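Coordinate inspection notes
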Amino acid sequence: MEVIRCGQCQRKLAEAQYTRLEIKCPRCGTLNILRAMSPPPARPGASNVEGNYDQAQRRERTP
Ligand SMILES: [Zn+2]
């Protein structure tokens, strides 16, 4: 599930899984048209930390 927020006022509009979505913000009236992008990482941020750690390890091992 993904939290959908208004692009104009950041009001939370819905939580949903979607491929395409059009939703009008009840607060400011902006029509938000959303399309699903690449699937989000399972643990946001974690993969980057692991990647940097892995690279550091490799640099140490490299003569
Ligand atoms: Zn809004």
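Our structure is the block above this text.
All values derive from a computational prediction rather than experimental measurement.

1. Section: the pattern of salt bridges
Under the criterion given, the structure shown has 1 salt bridge. In this structure, E15 engages K12 in a salt bridge whose closest nitrogen and oxygen atoms are separated by 2.5 Å. With a relative accessible area of 44%, E15 lands in the partly exposed category. Residue K12 is classed as partly exposed on the basis of its relative accessible area of 38%.

2. Some details on the coordination of the zinc ion
The zinc ion binds to the protein through C6 (SG), C9 (SG), C25 (SG) and C28 (SG); the donor distances cover 2.3 Å. The site at the zinc ion holds 4 donor atoms, and with the angles between them running 104 to 119°, its shape is tetrahedral. Of note, the zinc ion draws all its donor residues from one chain, in the sequence arrangement C-x2-C-x15-C-x2-C. With C6 in the loop between strand 1 (2–5) and strand 2 (12–16) and C25 in the loop between strand 3 (20–24) and strand 4 (31–35), the pair connects residues that are 19 residues apart, well separated along the chain. On the basis of relative accessible area, C25 is assigned to the buried category, the value being 2%.

The rules behind these values
- Residues numbered from 1 in each chain as written.
- Predicted model: local features only at pLDDT ≥ 70, side-chain atom pairs only at ≥ 80, totals over all residues.
- Heavy atoms only, no water.
- Salt bridge = Lys/Arg side-chain N within 4 Å of Asp/Glu carboxyl O.
- Buried < 20%, exposed > 50% of the residue type's maximum accessible area, 1.4 Å probe, protein only.
- Donors = N, O, S within 2.8 Å, 3.2 Å for Na, K, Ca; no water.
- Tetrahedral: all angles 85-135°; square planar, octahedral: opposite > 155°, others 65-115°.
- Helix = DSSP H or I, 4+ residues; strand = E, 2+ residues; numbered from the N terminus.

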